[in-house]
Amino acid sequence: MGMAVWALISFIVIILIWAIFTKRNIGEAMILGFITTLLFAGDRAFELLFPSLMRGLTHEVVFASLAFIFMAQLINHTGLIGRIIQILNSLIGRLPGGAAYVNTFGSGLFALVAGSGSGIAATTGSITIPWMERSGWRKEHAASIVAGNSGFGSIIPPNSTMFIMLGFAPVAASVGQSSLFIALYVAGLYALVHRVLVVFIMTKRYNIQPVHPDLIQPIGTSFRAGWTSLLIFLGIIVPLLINFGPLANWFISLEGVGQSAMDAISFIVWVPVFMILFTLVVGRNHLPKGKKEWGRFFEKTAPSYFVIGPVLIFTFATSAVLNEIGLTEQLQALMTSFAVPKWLMIAIVGIVITLVATPLATSATIATIGLASFGALTAVGVDPLLAVVTIMMFGATEGSTPTSGPIYVATGMAKIGAEKTYIPLLIYYTIPLLIISWLIGMGILPIPL
């Protein structure tokens, strides 16, 4: 194995040891991993130090990710998601098992504006777990559904997992941002169909009732109270319309715009910018008032940036160092030296990601082994775009594997021990999601390329 491969292995080992045994901030582990990687550069260590750090500090993905966190905090503070959930409840709450369907669709919608699994579980679960319990769901099943649905946060863009993958130099060189967005939306639809089927099966099996009528507002009432909340999704729709379809072609045909100007538009930068603007407009009556309230808001939300910021910056910096010392070529050579068929390699990558995601969050898992997984999949012939989607789908098992944050969030709200959800999560979420991810990697479930 080449020196760059040993550097990657050392990086992975340091992060795993740090995360499992010290229980400290994963961002600290990323800094240690970056320093260790530099040591493998030998005489070039000082030469690569500043340029690689600057890549991490100035990468557009870092800005986009932090902007999404700010946007999610604003949406939470203004209560917009709660109003959307009330609309969903008016629409589908009267179905048998309706509260679980509301949580499923609500989690998918919230994933569009916030990629945090724990945040999705906390926001949607706080409303729907009491509804589920009142309509006949067992506590462990209600908590399992909320935790399982939190996995949307690692699939549906935007999310930190996607940003980390795009930050790896080999990925950025072969996968377009806009193409990845569209591919992940399709993958998200597969995940949504799976979760709807889970609710349908469990509803039939346990004879679950609709949401209690006292908890369902007339559709006119909930829509009048919350229709403006739906406008926040224009933050995604507007950049999509500008970058794809007839409007994009029209801009390209204009002499004053053209292809070069359109290529200069960063999709992942403008999505959070537009969504923040729409959130500020729609939620203006619920925003903090004055310097003191804004100060308390930023003080309360600041810890959200302390983990993902260092993780992104030093993931990208480490990726730059590894790329400079030849990781891409060495990893490809190593993987092709193994006589492992494509179907088996995809399965191995999925199992490894799932096992690593047991002690680590999805973002930390992908930061640790995402690049190695990408090299392994592309080496056996998986299309680069499909490889990224497959890796992110495998990583979405975070909400359904023991010790993950969303499980404790959901079981805490349901007031039961986390261990009671392990078997339902394994049967209904983890194993099916592994199969779906494998089918995507094999090209059996189509993804637009």
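Summary of the structure given here. (Residues numbered from 1 in each chain as written. Predicted model: local features only at pLDDT ≥ 70, side-chain atom pairs only at ≥ 80, totals over all residues. Heavy atoms only, no water.)

## Focus: empty space enclosed by the protein
Put simply, the test is: The way it works is a 1 Å grid over only the protein atoms, where trapped points that fit a 1.4 Å probe form a cavity and open points with protein on both sides within 12 Å along at least five of seven lines form a pocket, and then any residue with an atom within 4 Å of a point lines it. Grid points are joined across faces, edges and corners, and a volume is the space filled by probe spheres set on the points. Helix numbering and strand numbering both begin at the N terminus, where a helix is a DSSP run of H or I of at least 4 residues and a strand a DSSP run of E of at least 2. In this count, Pro and Cys sit with the nonpolar residues alongside Ala, Val, Leu, Ile, Met, Phe, Trp and Tyr, while Asp, Glu, Lys and Arg are called charged and the others, Gly among them, polar.
Within the structure shown, the criterion is met by one cavity of 30 Å³ or more. Of all the elements in the fold, those that place two or more residues in the lining of the largest cavity are helix H1 (3-22), helix H18 (303-324) and helix H21 (362-379). With four residues, the single largest contributor to the lining of the largest cavity is H18. When its residues are assigned to classes, the lining of the largest cavity shows six nonpolar, three polar and no charged.

## Let's talk about the packing of aromatic side chains
A ring pair, where both rings are aromatic, is described by two values, the distance of the centres and the angle of the planes. Heads up, the condition is: Any pair of Phe, Tyr and Trp rings, taking the six-membered ring for Trp, is counted once the centres come within 6.5 Å. Such a pair is stacked with planes under 30 degrees apart, edge-to-face with planes over 60 apart, and tilted for the rest. Categorising residues by exposure relies on relative accessible area from a 1.4 Å probe, with only protein chains included: less than 20% of the type maximum marks a residue as buried, more than 50% marks it as exposed, and the intermediate range marks it as partly exposed. We count a charge as sitting over a ring when the NZ of a lysine or the CZ of an arginine lies within 6 Å of the ring centre and within 35 degrees of the ring normal.
Tallying each qualifying case throughout the model produces seven aromatic pairs. Relative to Phe314, the ring of Phe34 lies with its centre 5.6 Å away and its plane at 55°, an arrangement referred to as tilted. One end of the pair, Phe34, is in helix H2 (residues 26-39); the other, Phe314, is in helix H18, with 280 residues separating them in the sequence. The pair Phe34 / Phe314 is uniform in exposure class, with both members buried. Feature note: the residues Phe70, Trp294, Phe297 and Phe298 constitute an aromatic cluster, connected by ring pairs. The positively charged end of Arg195 is found above the aromatic ring belonging to Phe152, 4.6 Å away from the centroid.

## Looking at the environment of Phe297
Operational definition: Residues count as neighbours in contact if any of their non-hydrogen atoms are within 4.5 Å of one another.
On the secondary structure map, Phe297 appears in helix H17 (residues 290-301). Classification of Phe297 by relative accessible area gives buried; the value is 6%. Separated by 117 residues in the primary sequence, Phe297 and Ala414 have C-alpha atoms spaced 28 Å apart. The contact partners of Phe297, leaving out residues within four places of it in the chain, are Phe70, Gln73, Leu74, His77 and Pro288.

## A word on the side chain of Arg83
The condition that has to hold: For this count, His and the chain ends are skipped, Lys and Arg are scored as positive, and Asp and Glu as negative. We count a salt bridge whenever a side-chain nitrogen from Lys or Arg sits within 4 Å of a carboxyl oxygen from Asp or Glu. As used in this structure description, the phrase polar contact means that two N or O atoms lie within 3.5 Å; if the pair is within protein, one of them must be able to donate a hydrogen and the other to accept it, and residues adjacent in sequence are counted only when both atoms belong to side chains.
Here Arg83 shows up in helix H5 (residues 80-92). Of the side chains with opposite charge, Glu293 comes closest to the buried, unpaired Arg83, at an N-O distance of 14 Å. Within the structure, Arg83 has its side chain in polar contact with the side chain of His286 (distance 3.4 Å). Beyond its immediate chain neighbours, meaning those up to four positions away, Arg83 contacts Thr78, Ala225, Gly226, Ser229 and His286.

## A word on the pattern of salt bridges
For the structure shown, the criterion picks out four salt bridges. One salt bridge connects Arg44 with Glu47, and the closest N-O pair in it is separated by 3.6 Å. For Arg44, a relative accessible area of 28% corresponds to the partly exposed category. Across the pair Arg44 and Glu324 runs a salt bridge, and its minimum N-O distance is 3.3 Å. With Arg44 in the loop between H2 and helix H3 (45-58) and Glu324 in helix H18, the pair connects residues that are 280 residues apart, well separated along the chain. Taken together, the shared-partner salt bridges connect Arg44, Glu47 and Glu324 into one network.

## Re the nonpolar core
Filter applied, for reference: Buried Ala, Val, Leu, Ile, Met, Phe, Trp, Tyr and Cys residues form a nonpolar core when they are joined through side-chain atoms within 4.5 Å.
Core analysis: the biggest nonpolar cluster contains 133 residues, and Val113, Met132, Trp137, Met165, Leu180 and Val389 have the highest contact counts within it. It is helix H11 (residues 177-206) that contributes the most residues to this core, eleven residues altogether. Setting aside residues up to four positions removed in sequence, Val113 forms contacts with Phe68, Met71, Ala72, Ile75, Ile81, Ile232, Phe233 and Met275.

## Observations regarding the side chain of Thr124
Within the secondary structure layout, Thr124 lies in helix H7 (residues 117-134). Side-chain polar atoms of Thr124 contact the side chain of Asn103, separated by 3.2 Å. Here Ser107 takes part through its side chain, which lies 3.4 Å from a polar atom of the side chain of Thr124. What Thr124 contacts, discounting residues up to four positions off in sequence, is Ile85, Asn103, Gly106 and Ser107.

## Looking at the packing of helix H9 (residues 160-167) against helix H22 (residues 384-395)
The condition is simple: Only the contacting stretch of a helix is used when fitting its axis, a line to C-alpha atoms as for every element, and angles between N-to-C directions run 0 to 180 degrees. Reported orientations rely on four angle classes, namely roughly parallel under 35 degrees, roughly antiparallel over 145, roughly perpendicular from 65 to 115, and oblique for the rest. Note: crossing handedness is left-handed where the near helix turns anticlockwise from the far helix by less than a right angle, and right-handed where it turns clockwise.
Where H9 meets H22, the closest approach of the two axes is 11 Å, and the angle between their N-to-C directions is 140°. By the angle class used here, H9 and H22 are oblique. When you trace H9 past H22, the crossing you get is right-handed. For the pair H9 and H22, contact is made by Thr161, Met162 and Met165 and by Val388, Ile391 and Met392, respectively.

## Remarks on a nonpolar patch on the surface
Convention followed: Put simply, a patch holds well-exposed residues, over 30% relative accessible area, that have no salt bridge, with like charges counted together within 9 Å and Val, Leu, Ile, Met, Phe, Trp or Tyr side chains within 5 Å. Methods summary: accessible areas were calculated by the Shrake-Rupley approach with a probe of 1.4 Å, and residue burial reflects only the protein chains presented.
A grouping of Met3, Trp6, Ile9, Val13, Ile17 and Phe21 is seen on the molecular surface, where their side chains present a nonpolar patch of about 600 Å² in accessible area. Residue Met3 is classed as partly exposed on the basis of its relative accessible area of 49%.

## Comments concerning unusual backbone geometry
Trans is the common state for peptide bonds, and a negative phi is the common state for residues other than glycine. In this structure, Asn207 takes a positive phi of about 55° despite not being glycine. Inspection of the secondary structure assignment puts Asn207 in the loop between H11 and helix H12 (219-226). Under the relative-accessibility criterion, Asn207 is labelled exposed at 59%. Even without glycine at this site, Lys415 takes up a positive phi of about 60°.

## Considerations on the environment of Thr58
Here Thr58 lies in helix H3. You can call Thr58 exposed: its relative accessible area is 56%. For Thr58 and Tyr185, which are 127 residues apart along the polypeptide, the C-alpha to C-alpha distance reads 27 Å.

## Focus: H21
Inclusion rule: To get the bend at a residue, fit one axis to the 7 residues ending there and another to the 7 starting there, then take the angle between the axes.
Ile369 marks where H21 bends most, by close to 55°. Of all 18 residues making up H21, 18 are buried, and the element is well covered by its neighbours. Positive backbone phi, approximately 100°, marks Gly381, located one or two places after H21.

Bear in mind that shape data such as this cannot, by itself, settle questions of function.
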